[in-house]
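A closer look at the structure
Listed here are the chains, written in short residue letters.
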Amino acid sequence: MANDNEIAARRFYEALSTGDGALVDEALATSWEAVPPLRTGGGPEGWKASIAHLRGVFSDLTVEIEHVVVNRDMVAVRAVSHGKHTGELLGVEGTGREVEFRAADFHQMVGGRIVRTWHLEDYFSIATQIGLEFTRGA
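Notes on the structure in this doc start here. Numbering of residues begins from 1 in every chain and follows the order in which that chain's sequence is written. Per-residue local features of the predicted model are confined to residues with pLDDT of at least 70, and side-chain atom pairs are confined, for both listing and counting, to 80 or more; whole-chain, interface and lining totals are unaffected and use all residues. To get the side-chain values, take all heavy atoms of the structure and skip hydrogens and water.

**As for the overall build of the protein chain**
What the protein chain contains, in helices and strands, is four helices and five strands. The order of α-helices and β-strands along the protein chain, N terminus first, is α-α-β-α-β-β-β-β-α. This radius of gyration counts C-alpha atoms alone. The globule rule is 2.2 Å times how many residues there are, raised to the power 0.38. Since a compact globule built from 138 residues should have a radius of gyration of about 14 Å, the 15 Å found for the protein chain is in line with a globular shape. Along the first, second and third principal axes, the C-alpha atoms of the protein chain reach 50 × 30 × 25 Å. The buried label goes to any residue with under 20% of its type's maximum accessible area, the exposed label to any with over 50%, and the partly exposed label to all in between, with areas taken from a 1.4 Å probe on protein chains only. Expressed as a percentage of its 138 residues, the buried residues of the protein chain come to 37%. Note on contacts: a residue pair qualifies if any of its non-hydrogen atoms lie within 4.5 Å across the two residues. Within the protein chain, contacts between residues separated by at least 24 positions form 53% of all contacts whose residues are at least 6 apart in sequence. Element-wise, carbon and sulfur atoms account for 53% of the exposed surface of the protein chain, whose accessible area totals about 7,800 Å². Elements are defined by DSSP. Helices are runs of H or I of four residues or more, strands are runs of E of two residues or more, and each kind is numbered from the N terminus. Calculation of accessible area relied on Shrake-Rupley with a 1.4 Å probe; when residues are assessed, cover is drawn exclusively from the protein chains displayed.

So, in structure tokens, the structure goes:
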């Protein structure tokens, strides 16, 4: 049975899959902090702006939670996302390619809401799937 901390963490990802900002308000404390910081700003409004951006870059974006580990005030989540690259990202216009990328997050909880999230995402995989090429320096 999921506790309040796990429920809040699941809402965080459901908001990304659906674009439902009300879920963000249910999941995050007003002082929520992302580590590293989001370019769209902090707090729930920053996450909502990031969601809008990502859903504009990847049409049909879905997030599947693969693992959740709850330990007192921490919730760890491993997730995989899928979507079609239809908007500009990393200087690459939408390619129409199906993209899959993974993320691992550690959420610190207070009172059943997320107050801080440490986020790790496989940007290299995203970059290669949308056609960026990396070469070794001479």
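**Looking at the sheet that holds strand E3 (residues 74-85)**
Hydrogen bonds between backbone atoms are what pair the strands of a sheet, whose relative direction is either parallel or antiparallel. At least two DSSP bridges between two strands are required for those strands to pair. Spatial strand order, E1-E5-E4-E3-E2: five strands in an open sheet with mixed pairing. Pairing within the sheet leaves two strands with one partner each, and these edge strands are strand E1 (28-35) and strand E2 (58-71). The mean inter-strand angle of the sheet, taken between neighbouring strand axes irrespective of direction, is 25°. As paired strands, E1 and strand E5 (residues 113-121) are joined by four bridges and run parallel to one another. Counted as the bridge partner of Glu33 is Arg116 from E5. Angular values range over 0 to 180 degrees, each being the angle between N-to-C directions of two axes fitted as lines to C-alpha atoms, with helices fitted over their stretch in contact. The sheet contacts of helix H3 (residues 43-57) involve E1, E2 and E3, and relative to E2 the element is tilted by about 130°.

**Considering the packing of helix H1 (residues 4-18) against H3**
The geometry of H1 relative to H3 is characterised by a closest axis approach of 9 Å and an angle of 40° between their N-to-C directions. With respect to their mutual orientation, H1 and H3 come out oblique. Viewed along their axes, H1 and H3 form a crossing whose handedness is right-handed. On H3, the residues touching Phe12, Ala15, Leu16, Ser17 and Thr18 of H1 are Trp47, Ile51, Leu54 and Arg55. Put simply, Ala, Val, Leu, Ile, Met, Phe, Trp, Tyr, Cys and Pro go in the nonpolar bin, Asp, Glu, Lys and Arg in the charged bin, and everything else, Gly too, in the polar bin. Taken together, the residues that form the contact of H1 with H3 break down as six nonpolar, two polar and one charged. Orientation categories follow fixed angle ranges, with anything under 35 degrees roughly parallel, anything over 145 roughly antiparallel, 65 to 115 roughly perpendicular, and all other angles oblique. Put simply, a crossing is left-handed when the front helix is turned counterclockwise from the back one by less than a right angle, and right-handed when it is turned clockwise.

**Considerations on H3**
The terminal C-alpha atoms of H3 lie 22 Å apart, and with 15 residues this matches the ideal 21 Å at 1.5 Å per residue to within 8%. Three or more residues of H3 are buried, namely Gly43, Pro44, Gly46, Trp47, Ser50, Ile51 and Val57. Taken around the axis of H3, the buried residues stretch over an arc of 155°, which confines them to a single face. Projecting away from the buried face of H3 at angles above 90 degrees are the exposed residues Glu45 and Ala52. In this analysis, the expected span of each helix is defined as 1.5 Å times one less than the number of residues it contains. The arc in question is traced by the directions running from the helix axis to the C-beta atoms.

**Details of the side chain of His107**
When you line up the elements, His107 lands in strand E4 (residues 98-110). Taking relative accessible area as the criterion, His107 reaches 0% and is therefore assigned buried. Under the rule applied, a polar contact is a pair of N or O atoms within 3.5 Å (in protein, one hydrogen donor and one hydrogen acceptor; residues adjacent in sequence only if both atoms are side-chain atoms). Separated by 2.8 Å, the side chains of His107 and Tyr13 make a polar contact. With sequence-adjacent residues up to four places away left out, His107 is seen in contact with Ala9, Phe12, Tyr13, Asp73, Met74, Val75, Val77, Ile114, Arg116 and Thr117.

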